[in-house]
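# Commentary on secondary and tertiary structure
Letter by letter, the chains look like this.
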Amino acid sequence: MDEVLTCRDLQVRYGSQQILRGVSFSVAPGEILGIVGQSGSGKSTLLRALMGLLEPTASVTGEVFVAGRRWTGLGEKELRPLRGTEMGLIFQDAGASFCPIRTVGAQILESVAAHRREGREEVRRQALDLFQKLRFQDGQRVWNSYPFQLSGGMNQRLAIAAAMLLHPKVLLADEPTSALDVMGQKQVMEELAQLRKACGSAVILVTHDLRLAAALAENILVLREGAVVEYGPADRVLQAPQAEYTRAMLAAVPRIRRD
Ligand SMILES: Nc1ncnc2c1ncn2[C@@H]1O[C@H](COP(=O)(O)OP(=O)(O)OP(=O)(O)O)[C@@H](O)[C@H]1O
Ligand SMILES: [Mg+2]
C-alpha cells in the first residue's frame, strides 16, 4: 500500500443523528490534503474519528489505515503509543491545550518523553533548533515562558511545533490558523509546509477557507453535512468545481488579488 492514510466509508452517528455519511479518501506520504466545509459539517468529528478519539456514545463504522496498519478496532492501549508519532492531531483551539501553570519547555519535554527515550538536554536542543527553523524569535525565552506570557497566536504556533517534534507520518491540523491574524496565518501555513519538507510528513489541513486550503494543498475534499461533495486536485477544484456547493463557497469568499 502506497498511501500513508486510507479512510474507507467512515460513518459516525450519535443516536439517530448521522454526522458522517460514508467518507472515503486517501493521503500519500508527504501530501497535503485540505478538508473544507462550513461550521457543523463534521470536520472535527472526522479528525477525531480518524484518531480513534470519539467519545463512546458515538457509533463508528468504516475503516482507517495508517502506514499500513489498521487503526479501526484497536483498543486504547494499542492506540496510545501510536497517537502523536504515527498520526498526530493539533486540536482546534490548540493554544488552549497547554497547561497554564507550567512552562512551555516542561510540557514539551513531557510530551516527547511519553514517546521517546532521548535525554532532556537533547529534546531541548531539538526543540530550540525547530523554533529557529520556524523563525520563532528568542526561542530560549519561549522555552522558559508560561503560556499566559505568550500571545494566543504564539501558543497556537507552539502547539504545532510540539506536534511536529514527534515527526508524525501524518499530522491532522484542525483550523490551525483560527486564532491568528493574516500574518500569523501565513506563518503557520509556511510552518506546515516546512514540516512536510523536513520530515516528509503528510498533513491534513482542516479549514472553512477553501482558498487558503487550495493555496497549500495538493488535493481538496469538501464536506457538506457529513458527506463528501467534492474531492480532487486543488487546481481542478478551484478552476472547475464539480459541485454546486463548492461553486457557492468560492463565490462567497472575497477574492484577494495578487499583484
Ligand atoms: N459529542 C457529540 N454528540 C452529539 N453531536 C455531536 C457531538 N459532537 C459533534 N456533534 C455534532 O456533529 C456535527 C458536526 O460537528 P463538528 O464539530 O464535527 O463540525 P465542524 O465541521 O468541525 O464545525 P466547526 O467548523 O464549527 O468547527 C454538529 O452538528 C455537532 O453538533
Ligand atoms: Mg471543528
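Preceding block: the structure.
Residues numbered from 1 in each chain as written. Chains lettered and ligands numbered in written order. Predicted model: local features only at pLDDT ≥ 70, side-chain atom pairs only at ≥ 80, totals over all residues. Heavy atoms only, no water.

### What about the packing of helix α3 (residues 104-113) against helix α4 (residues 120-133)?
The axes of two packed helices give the description: the angle between them and the distance between them. Applied cut-off: Angles run from 0 to 180 degrees between N-to-C directions of axes, and those axes are lines fitted to C-alpha atoms, restricted for helices to the stretch in contact. Only DSSP runs of H or I reaching four residues or more are called helices, and only runs of E reaching two or more are called strands; each is numbered from the N terminus. Just so you know how the angles are binned, under 35 degrees is roughly parallel, over 145 roughly antiparallel, 65 to 115 roughly perpendicular, and the rest oblique. Left-handed describes a crossing in which the near helix is turned anticlockwise from the far one by less than a right angle; the clockwise case is right-handed. Contact criterion: two residues are considered in contact whenever any of their non-hydrogen atoms come within 4.5 Å of each other.
Axis separation between α3 and α4 bottoms out at 10 Å; the angle between their running directions is 115°. In terms of axis orientation, α3 runs roughly perpendicular to α4. Relative to α4, the crossing made by α3 is right-handed. Facing α3, whose interface residues are Ile 108, Leu 109 and Val 112, α4 presents Arg 120, Val 123, Arg 124 and Phe 131.

### As for the environment of Asp 93
Basically, it comes down to this: Only protein chains enter the accessibility calculation, which uses a 1.4 Å probe. A residue is then buried if its area is under 20% of the maximum for its type, exposed if over 50%, and partly exposed in between.
Structurally, Asp 93 is set in the loop between β6 (87-90) and α3. With relative accessibility at 52%, the residue Asp 93 sits in the exposed group. Between the C-alpha atom of Asp 93 and that of Gln 156, which follows or precedes it by 63 residues, the distance is 7.4 Å.

### A few points about α4
Filter applied, for reference: How far a helix is expected to stretch is found by multiplying one less than its residue total by 1.5 Å. In this description, the arc belongs to the directions extending from the helix axis to the C-beta atoms.
The terminal C-alpha atoms of α4 lie 20 Å apart, and with 14 residues this matches the ideal 20 Å at 1.5 Å per residue to within 8%. Those residues of α4 not exposed but buried are Val 123, Gln 126, Ala 127, Leu 130 and Phe 131. One face of α4 carries all of its buried residues, which in axial projection span an arc of 140°. Across α4 from its buried face, at more than 90 degrees, point the exposed residues Glu 121 and Gln 132.

### Overview of the coordination of the magnesium ion (ligand 2)
Here is the rule: Only N, O and S atoms count as donors, using a 2.8 Å limit from the metal and a wider 3.2 Å limit for Na, K and Ca, and since water is excluded some coordination spheres may look unfilled.
At the metal site, the magnesium ion (ligand 2) is ligated by Ser 44 (OG) and Gln 92 (OE1), and these contacts range over 2.0 to 2.4 Å. Of this pair, Ser 44 sits in helix α1 (residues 43-51) while Gln 92 sits in the loop between β6 and α3, and the two are 48 residues apart along the sequence. Overall, Ser 44 belongs to the buried group, its relative accessible area being 18%.

### Comments concerning unusual backbone geometry
The backbone of Ala 67 shows a phi angle near 50°, a positive value even though the residue is not glycine. Along the chain, Ala 67 falls in the loop between β4 (58-66) and β5 (69-70). One non-glycine residue, Glu 175, lies in positive phi territory at about 45°. Looking at the element boundaries, Glu 175 is found in the loop between β7 (170-174) and α7 (182-199). Here Glu 175 falls in the buried class, since its relative accessible area comes to 7%.

### Digging into the sheet that holds β4
Rules: For two strands to be treated as a pair, DSSP must find no fewer than two bridges joining them.
The sheet built from four strands is open, its strands ordered β2-β1-β4-β5 with antiparallel pairing. The open sheet has two free edges, formed respectively by β2 (17-27) and β5, since each of these has just one partner strand. Sheet topology places strand β1 (residues 5-14) next to β4; eight bridges connect them, and they run antiparallel. Among the inter-strand pairings, Leu 5 is bridged to a residue of β4, identified as Val 66. Taken strand by strand, α1 contacts β1, β2 and β4, and its axis lies near 115° from that of β1.

### What to know about the site of ligand 1
Selection rule: Whether a residue is near a molecule or strand depends on its heavy atoms: if one lies within 4 Å, it is near. Pairs of N or O atoms are called polar contacts if they sit within 3.5 Å, as long as, within protein, a hydrogen donor faces a hydrogen acceptor (for residues adjacent in sequence, only side-chain-to-side-chain pairs). Each accessible area is a Shrake-Rupley estimate made with a 1.4 Å probe; only the visible protein chains count as cover when residues are assessed.
Within the structure, ligand 1 sits among 13 residues, and Ser 39, Gly 40, Lys 43, Ser 44 and Thr 45 are positioned closest to it. Side-chain polar atom of Lys 43 to an oxygen atom of ligand 1: 2.7 Å apart, as the coordinates give it. At a separation of 2.9 Å, an oxygen atom of ligand 1 approaches a polar side-chain atom of Ser 44. Taking 640 Å² as the accessible area of ligand 1 by itself, protein coverage stands at 67%. Contributing elements (two or more residues each) for the shell around ligand 1: β2 and α1.

### Some points on the pattern of salt bridges
Put simply, the test is: Just to be clear on terms, a salt bridge is a Lys or Arg side-chain nitrogen sitting within 4 Å of an Asp or Glu carboxyl oxygen.
Under the definition given, this model contains twelve salt bridges. Here Glu 122 and Arg 125 are joined by a salt bridge, their closest N and O atoms 3.0 Å apart. One end of the pair, Glu 122, and the other, Arg 125, are both in helix α4, three residues apart, so they sit about a helical turn from each other. Exposure remark for Glu 122: the relative accessible area of 29% places this residue in the partly exposed category. A salt bridge links Arg 247 to Glu 244; the nearest nitrogen and oxygen atoms lie 3.3 Å apart. Note that Arg 247 and Glu 244 are positioned in helix α10 (residues 244-252) at a spacing of three residues, about one turn of the helix. Note on Arg 247: relative accessible area 38%, which makes it partly exposed. The network of salt bridges with common partners includes Arg 8, Glu 63 and Arg 70.

### Examining the pairing of β1
The pairing of β1 with β2 spans eight bridges and is antiparallel. The partner of Val 12 across the bridge, within β2, is Leu 20. The hairpin turn running from β1 into β2, its antiparallel successor, is two residues long, and Gly 15 in that turn takes a positive phi close to 60°.

Read these as layout, nothing more, since geometry by itself doesn't imply function.
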